Amino acid sequence: MESPEGKPIIYTMENKPIATCAGDQNVFTALYQTLARELPREPMEWRRSYGRPPKMIHLEANFVQFKEELLPSEGNKALLTFPFLHIYWTDCCDTEVYKSSVKDDITKWQNILKNYNTVDWLIVLVDSDAKKKNKTNILPRTSIVDKIRSDFCNKQSDRCVVLSDPLKESSRSQESWNAFLNKLRTLLLMSFTKNLGKFEDDMRTLREKRTEPGWSFCEYFMVQEELAFVFEMLQQYEDALVQYDELDALFTQYVVNFGAGDGAKWLKSFCQPVRSWNGLILRKPIDMEKRDLIQKNGASLLDLRSYLFSRQCTLLIFLQRPWEVTQRALELLHNCVQELRLLEVSVPLGALDCWVFLSCLEVLQRIEGCCDRAQLESNSSHTVGLWTYATEKLKSLGYLCGLASENGPNSEDLNRTVDLLAGLGEERPETASSLQSPYKILKEALSSVETFEKHYLQQSCAAMEMYKTIGRLRSARLIGKSLAEFYMRKGDPQKAETFLQDALKIYLAEGWALPVTHTRKQLAECQKQLGQTENYLQTSSLLASDVNLTEEERKHFCQEILNFANCQDDNQVQKIILGMSTFAQLKELHFEPSSAVVHVGGILNIELSLFSHMPVAVLLENIVASVHFSIEKSNFRKATEWQGKQRKVSLGSNGIIHFQSDPPIGSPCQSNMPSLELYEMYDKSPSDNSLNSTGVICKNVHLLLRRQESVSSIEMPSAISVEDGAQSLRANNTLLQPGLNKIVFSTQAKDPGLYTLRQLVATVGRVQFVLPHIYPIVQYEIYSQEPNLKVEPLNDNLLAGIAQRVKFTLFTGHYTIRNGDALQLSNADSLIILCSAKYVATILANTGEKIKDSTLMVQSSEKVTSITLPLASAYHIVEFELEVMCHIPSSIPKSESERLTNGELYRKTKERHNPELCMVSLDQKISIDCPWSIYSTIIALTFYIPFKVKHSLLSAGKRKYIQVCLQNMSDVSFNLSDPQLKEIMKYPNVNLISMNQENQQQIFSKQNVFYLWELKWSKELPSCLQCQLSVMFSPSSDEDEPNSLKPYTHDFIMENIYTLYTIKAEIYPSLGSEHCRTGCLCSLEVSIMRIAELLETDRDEALTESDGLCTTKLMYEVVDNSSNWAVCGKSSGVISMPVAARAIHKVHMEVMPLFAGNLPFPTVRIFKYLPHHSIHMAQPDTDSLIENDTLSIDKSLDEQADSSSIRSRTSTHSASSEHKGLPMPRLQPFSIGQVFNSSAGMQVLVVPSKDDHVLEVNVT
Amino acid sequence: MSRQASRASESKKMNSELFTLTYGALVTQLCKDYENDEEVNKQLDKMGYNIGVRLIEDFLARSSVGRCHDFRETADVIAKVAFKMYLGITPSVTNWSPAGDEFSLILESNPLVDFVELPDNHSGLVYSNLLCGVLRGALEMVQMAVDVKFAQDTLRGDNVTEIRMKFIKRIEENLPAGEE
Amino acid sequence: MAVCIAVIAKENYPLYIRSIPAENKLKFHYMVHTSLDVVEEKISTVGKALVDQRELYLGLLYPTEDYKVYGYVTNSKVKFVIVVDSSNTALRDNEIRSMFRKLHNSYTDVMCNPFYNPGDTIQSKSFDTMVSGMMLQAC
């Protein structure tokens, strides 16, 4: 039990609410132990005012002896020293004693309390049997209690409690204890509630006054803190913290307002310049000196903040919320810095840094102090902020005190350092013990360059590590960067580089242009110092092309490269290789010729469009494109395939290849991730086109592969190497202007094959910029071509017999036509090359554009025609047209055999292709000897004969005529002149008289012309005549020389020309009438007359009779197809003609006209009747026929029946004959011209049978 | 009649952003396909025309407006009925030429161009040119040959959008309409 | 009020970043880039928790001595970062929120511009003016 005298030490952990004890001290002392022990045991619910939630609290009390001084005088705000409860102890059990002394004592006590109007009191009556024993006059226990109650506890009887036998272990005593303790607790709580409530009210009123002039924050601070203390005393840390937070907020508000303009007067005291900056102190729960300062209005802003925070920190730690401390700490520190600025407090340079640094470490150490490693690890996200902050501050201090420079601090720096250290004051006792106290660390760090570095590194690394562990890479990198800067300052680029690289990576990866540029600049500096020439130059080239830099900077870096490139030191011959992408970019590539296909010896131009990123013009010693050469499988193609052929590479139609530009730095790397470009590949065997193997090729492997290490490789281009291709294209001394440049590679094609552009290398002095891959794949092809000759007709059908133009096309290929080279055409007599001076050869380049014309020399000897070719260099085309003429053979022999000579050749005269104009075709083959080969080329041409001839024989009685029809099958029209028909055998007595009027005639396409000749002869006519038609013709188109007439001849043969018989038919009306009438019979007389004696022609069928007179059998037939006539009786029959001139045989028959009018005669035909060679067979047959004849006459059957009967008969007969197996007689027609029907086409008038109609007409 | 009723009754709602974006996509695609803005403008006008010649039917069906007696009346119908119906805006009709054959539609807000900002390389582009085509096509179907063009455009920095419309001639029934 | 406003693409490259005064542009670039750390942290942790309720505002990412960095992430993982000067302590949280909301709307409009292809850096004038409005806006 403490002495109540002297001011109570405010050490809140020890604090308990005060309760005073009056009355019998011995009684109390006896019970004190138990009391002190028992009181806090049971928690008590505390219902609080202002709707704050009720709390269970364990009450303790600090029992002090009652003194009047303890009672607070009016207006005393102290709460800690405030006695919450006054207890009067007595064990009086004797009325007398009570009356005599105790009563008065209590009264006195009561009066004092009344004076201070405290109502929190309690009277405890302890009665023990022990005491009673030695008492003589025993009163009922109750009496005293009642007395006291009646005397003092008017209407609040509970203010007096009885504690019976407290020192005994009895249930009774237990009960009374519990009752007593409960009472005690309740009263205490009541008191708290009442007094705290009152206190808070006062406090509030005080706060309301804060606008009033005299108001002081510090006073108020003290008041509210008092409350906080009490809460803390009651272990209500939450509430306590609230008090401090309120104060915090209030202060902050004031500062803000100050910033906004209205400054409270009391703030001035905080605006005093900062003199000491020893950071936070969190080791002890309360920092009295600072508190005093505040109390005395002597606190600086930092003091106040420090104190405030230290209190908050303490409470938070009580509350097991250390992380909140760190969080708040960071805010606080930032806040303080801001507030100092806001209040325009003068702070010595670096002072604040010290303060912050110390504070950070203090907080960190405090936290470490109160939680274990694992916790720290897991919560480093909270602490890392402080670490970095501390690191920053340390760094700035270091820079300030010249500790980060290469050559240590100078005197000025040292002075500054001293001042700063002075500001720290003495190290505080509580930290003195710990070796790593912030104070010590700072002092040490500032003491020397080395120590500074040591600590700074520790800090940085610690921070970086934490960041890495919680995955804040960017932050880690940023620290790394500042570390690098530090190293650079200290002139230690070695260490700096890696940090810079790491940082750069992440910026590149995420495409942050400005940081990239900035970091690069640092890196460049670093690399320069390290003498990493290659990397430095690479970086420089990047920077030189960096648009985020100023023109000057870019120029500078570009110059750096050039300087290096041009400085001549021979010991380093090896060239530096840099990536081209940064230096310049290949935009497009233009082939000339656009097909990218060139013949051997041809000129190929490739125009590069190169976009230079350099800020200044750069002179390239040379720019070289290395080329890969490969013999292509399909190398030996026909020359014609090459004409205007495109390489299969991704050539634009105009031979331009565009390259997609690499995305500029600052765009996301995702976006420039190229997509896989897969192609199918088929490997066919060259011989037969069968598939050997197949596969899939990825065309842009290099892009995809480069992706992986792209980020790093950008800074370390050593991957790139120059492959020295055997072949290469180069351009020398080209000045590369900023922006777009055009560079032309020109090369003469040498070996045929496929050429692929691989790399592009630009050389500037000792520096080479290399574009390691050219993509999309660029290829050009060089081919060599065999000379070759093509001959084709100009119009689709060549016509024989007239001059036709034929086109010769000659691809010179690799052959150069020298002077005197000629094509030797071996002549064929049927095919003539018409020589003329006006032949012109055109010489074209391979691409097809015309170069020049030159006249063509064509000489013909009897054997060969030689065409002297114009001079033409290799890979050109010579075109010319020749006129050829193919003779029409006078007749077309049926020779199947095709003689494969160089001469003409017949195909059998069958109508082949294009049947609509069925011209006779005949193929011609020309063999040509070309100067470039020993073999002669054979060329086939097909000609068509434009004409076709039909002939026919016409007779008039004995006279004979030959008609010839000439058809023009072709599409052209011709002029025909003097047609002639010759008899080839030259029979003396035969001659042909032309009956054609005009000599000249024109025959148009698909027209016919008819010619007629009379055949005259004396004596015997040969059985067969061989005639030849000959007519001169010329295409009517060429009017210029009508005399260019060509002959056309056609042979044909005619047989059995001579007339053997003439048939004459006559019709007579029935007797007595001069006209034939319909329906009545007329007689038809057919007379067949033999013209000539027996001739060889009909010898075969001549029969010899016994009497030596020979006859021939003829069969005649009367037919009337137009059924004008009814032939009555037998319409046909066999007659035997005596073979003698003028022998006549007449046949009579009846015919009946069925119509009126001029009716043509029924047709009469005769045939040779060739019986089988058995006379007796034939004989009766005829007889029967004859007698049958007679029969049929008297029997007047109608024509129908008759004819049928005949047919039936013949049929039966034939049937029988067949049936007998006997051979049939044959009927053989006479050949045209052997029989002449004189009455052909004659008509007879037939009148109607009666004139009924006429009569009728008369009537009407 | 019944059709008209049904038509008139249904007033479908469509999300304006979708509409605007759709049109935007159309225009930008055209910009990709045709190299110069002039060509794009022409295409837009063409499309508009083809819309117009169809839309007029729908329009007449929905809004049973009768024959217009003069160009002024036409102008009013276009502004007050047509634009309201299809774009939900009512432009004001102003700047009549003295001859009364030419007027301006002033759109203070053009739903087609929400969000749109013309890039500098498309200075020649008349973004909303479709509208011209629509008007031209529609009026052609009612025997009115008009010349429609944008006089001002908010996209070009003008503070209103103005469509200038000029009456050219009445089209006789018999002769075929349109050049497309 | 804001000294730097940045829009950062899903892939963490800047779509738009503007700061006043122009001279210490670089500093802000670093700052914003670093802030992505915290943004990602918050997305990963908070993201799970707040996946259902649409809390796009990430609050104060981290304070520095002179600046406060606030973050906001759209559901399309586009990040907005606003840096304000610590000196204007009067700035309330909900003001920041409203700024972000404005930013978000304006960004949406940009996206809706048919001539803007997503992923490109933002050049829109209207967006620019809106941003500069936010920056100048006195408080």
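Please read all numbers here as calculations on a predicted model, not as lab measurements.

(A) Broad picture of the state of the cysteines. All names here are of chain A. By the definition in use, this model includes 0 disulfides over all chains. There is no disulfide at Cys 354, and the cysteine sulfur nearest it, in Cys 401, is 7.3 Å away. With a relative accessible area of 0%, Cys 354 lands in the buried category.

(B) Broad picture of the packing of helix H14 (residues 411-424) of chain A against helix H16 (residues 438-447) of chain A. Residues and elements named next belong to chain A. Relative orientation of the contacting elements H14 and H16 amounts to 170 degrees, with a least axis distance of 11 Å. What the angle tells us is that H14 and H16 run roughly antiparallel. Counted together, Thr 417, Leu 421 and Leu 424 of H14 and Tyr 439, Leu 442, Lys 443 and Leu 446 of H16 form the full contact between these two elements. Counted by class, the contact of H14 with H16 contains 5 nonpolar, 1 polar and 1 charged residues.

(C) Geometry of the interface of chain B and chain C. Taken residue by residue, the interface counts 15 residues in chain B and 8 residues in chain C. At the boundary of chain B and chain C, one finds 0 salt bridges. Where chain B touches chain C, the interface holds 4 residue pairs in polar contact (both at pLDDT 80 or more). The residue makeup of the side of chain B that touches chain C, split by class, is 10 nonpolar, 3 polar and 2 charged.

(D) Main features of the sheet that holds strand E4 (residues 62-65) of chain A. All names here are of chain A. Ordered by their spatial adjacency, 5 strands build an open sheet running E4-E1-E5-E6-E7, and the pairing between neighbours is parallel. With one partner strand each, in any of the chains shown, E4 and strand E7 (160-164) form the two edges of the open sheet. Neighbour to neighbour, the strand axes of the sheet diverge by 30 degrees on average, direction disregarded. For strand E6 (residues 121-127) and E7, the ladder comprises 5 bridges, and the chain directions are parallel. Residue pairing across strands places Val 124 opposite Val 161, the latter belonging to E7.

(E) Representation of helix H8 (residues 288-295) of chain A in the model. Residue and element names in this part refer to chain A. Turning to H8, its buried residues are Lys 290, Arg 291 and Ile 294. Taken end-on, H8 shows its buried residues confined to a sector of 100 degrees, consistent with a single buried face. Its side-chain oxygen 3.3 Å from the backbone nitrogen of Glu 289, Asp 287 forms the N-cap of H8. Immediately beyond the C-terminal end of H8, within one or two residues, lies Asn 297, with a positive phi of roughly 55 degrees.

What counts as what
- Residues numbered from 1 in each chain as written.
- Chains lettered and ligands numbered in written order.
- Predicted model: local features only at pLDDT ≥ 70, side-chain atom pairs only at ≥ 80, totals over all residues.
- Heavy atoms only, no water.
- Disulfide = S-S within 2.5 Å.
- Buried < 20%, exposed > 50% of the residue type's maximum accessible area, 1.4 Å probe, protein only.
- Axes fitted to C-alpha atoms, helices over the stretch in contact; angles between N-to-C directions.
- Helix = DSSP H or I, 4+ residues; strand = E, 2+ residues; numbered from the N terminus.
- Parallel < 35°, antiparallel > 145°, perpendicular 65-115°, else oblique.
- Contact = heavy atoms within 4.5 Å.
- Nonpolar A, V, L, I, M, F, W, Y, C, P; charged D, E, K, R; others polar.
- Salt bridge = Lys/Arg side-chain N within 4 Å of Asp/Glu carboxyl O.
- Polar contact = N/O pair within 3.5 Å; in protein donor to acceptor, adjacent residues only side chain to side chain.
- Pairing = 2+ DSSP bridges.
- Arc of directions from axis to C-beta.

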